[in-house]
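Topology and contacts: notes
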Amino acid sequence: MVGGSVEVPCEDIFELFFWHNLLHHELERCFCRCASFAGLSPLELQVLWLTSTSNSVTLADLASVTTHSKKELERVVKCLEQDGLVEEIGSKESYYVCFQPTNRGQDVLGRLFNRPSKCRCVLRSERDSVKNLLEVAREVVFELKRQGSCGPIAKSRTEPK
């Protein structure tokens, strides 16, 4: 055990890396279709969803989760503000500025989450294997959160059992 972490064999890391890539590409395809349905870019949809997960999402939070620069995210947030989907909250005297979705932004997300056709993804959420994968992924995110990563993603969910 090094620095509080468990050593993982390289073979397992390699296999996980390739499985992650395959899953990532399929999920990205589905996510892009959802963004297109909502009339947003994939990054705009990411920002809109992340702002809905907590009361205190900052540009730094968005940058850490999306891996985009704060400068790029400022442009995205400004576009979403102009479209009436997100709004800035916080004190004007403070440098600490947060963002949240407007009612219109919440409506856009609601239409996405409640549309009848949903995403035509090969992963079917009613399958036990996918439910298990989602639960394990949440556990990994919460573990990363405990270590200081993935804050905004995990804030809206209850901690796994």
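Since this is a predicted model, take the numbers as computed values, not measurements.

1. Description of the confidence of the model for the protein
Within the protein, residue pLDDT values average 82, and 78% of them lie at 70 or more. Note that pLDDT drops below 50 for residues 156-161; the model gives that stretch 12 contacts with residues more than four away or on any other chain.

2. Let's talk about unusual backbone geometry
It is generally the case that most residues other than glycine have a negative phi and that most peptide bonds are trans. Its identity is not glycine, yet threonine 67 carries a phi of approximately 65°, on the positive side. Here threonine 67 shows up in the loop between helix H3 (59-66) and helix H4 (70-82).

3. Remarks on H4
For H4, spanning 13 residues, the distance from its first C-alpha to its last is 18 Å, which sits close to the expected 18 Å at 1.5 Å a residue. The set of residues buried in H4 consists of Leu73, Val76, Val77 and Leu80. Along the axis of H4, the buried residues cluster in a sector spanning 100°; they form a single face. Every exposed residue of H4 that faces more than 90 degrees away from the buried side is listed here: Lys71, Arg75, Lys78 and Gln82. Tucked inside the fold, the buried residues of H4 contact helix H2 (42-52), H3, strand E1 (86-89) and strand E2 (98-101). One or two steps after H4, the chain reaches glycine 84, where phi turns positive at roughly 75°.

4. Description of the environment of cysteine 32
Position of cysteine 32 among the secondary structure elements: in helix H1 (residues 10-38). For the pair formed by cysteine 32 and proline 42, sequence separation is 10 residues and the distance between their alpha carbons is 5.6 Å.

5. Quick word on the nonpolar core
The tendency in soluble globular proteins is for nonpolar side chains to be buried as a group. By size, the foremost hydrophobic cluster in this structure holds 22 residues, and its most contacted members are Val47 and Leu62. When contributions to this core are tallied by element, the ones reaching two or more residues are H1, H2, H3, H4 and helix H5 (103-114). The element contributing the most residues to this core is H2, with five residues. Not counting chain neighbours up to four residues away, the residues in contact with leucine 62 comprise Val47, Leu50, Val57, Thr67, Leu73 and Val77.

6. A short note on the pattern of salt bridges
Tallying each qualifying case throughout the model produces two salt bridges. Arginine 138 is the salt-bridge partner of glutamate 135, the closest N and O atoms lying 4.0 Å from each other. Highlighted residues: glutamate 135 and arginine 138, both in helix H6 (residues 128-146), separated by three residues, approximately one helical turn.

7. Remarks on the packing of aromatic side chains
Tallying each qualifying case throughout the model produces one aromatic pair. Centroid distance phenylalanine 17 to phenylalanine 18: 5.2 Å. Interplanar angle 80°. Geometry classified as edge-to-face. Its relative accessible area of 46% is what places phenylalanine 17 among the partly exposed residues. You can call phenylalanine 18 exposed: its relative accessible area is 52%.

8. Considerations on H1
Over its 29 residues, H1 extends 40 Å from the first C-alpha to the last, a length consistent with the 42 Å expected when each residue adds 1.5 Å. Among all positions of H1, only Glu26, Cys30, Cys34 and Ala35 are buried. Once H1 ends, the next one or two residues include glycine 39, with phi positive near 75°.

Basis of the calculations
- Per chain, residue numbering runs from 1 following the sequence as it is written.
- Local features are withheld for residues below a pLDDT of 70 in this predicted model, meaning they are given only at 70 or higher, and side-chain atom pairs are given and counted only at 80 or more; totals for whole chains, interfaces and linings count all residues.
- Water and hydrogen atoms play no part in the side-chain values, which are based on all heavy atoms of the structure.
- Per-residue confidence from the predictor is reported as pLDDT, a score between 0 and 100.
- Any two residues having at least one pair of non-hydrogen atoms within 4.5 Å are treated as being in contact.
- What counts as a helix is a DSSP run of H or I of at least four residues, what counts as a strand is a run of E of at least two, and both are numbered from the N terminus.
- In this analysis, the expected span of each helix is defined as 1.5 Å times one less than the number of residues it contains.
- Using a 1.4 Å probe on the protein chains alone, a residue whose accessible area is under 20% of its type maximum counts as buried, one over 50% counts as exposed, and one in between counts as partly exposed.
- Note: the arc covers the axis-to-C-beta directions of the helix.
- Residues enter a nonpolar core if they are buried and are Ala, Val, Leu, Ile, Met, Phe, Trp, Tyr or Cys, with the set joined through side-chain atoms within 4.5 Å.
- The rule for a salt bridge is simple: a side-chain nitrogen of Lys or Arg has to be within 4 Å of a carboxyl oxygen of Asp or Glu.
- For Phe, Tyr and Trp, rings pair up if their centres lie within 6.5 Å, where Trp contributes its six-membered ring, and each pair is then called stacked (planes under 30 degrees apart), edge-to-face (over 60) or tilted (otherwise).

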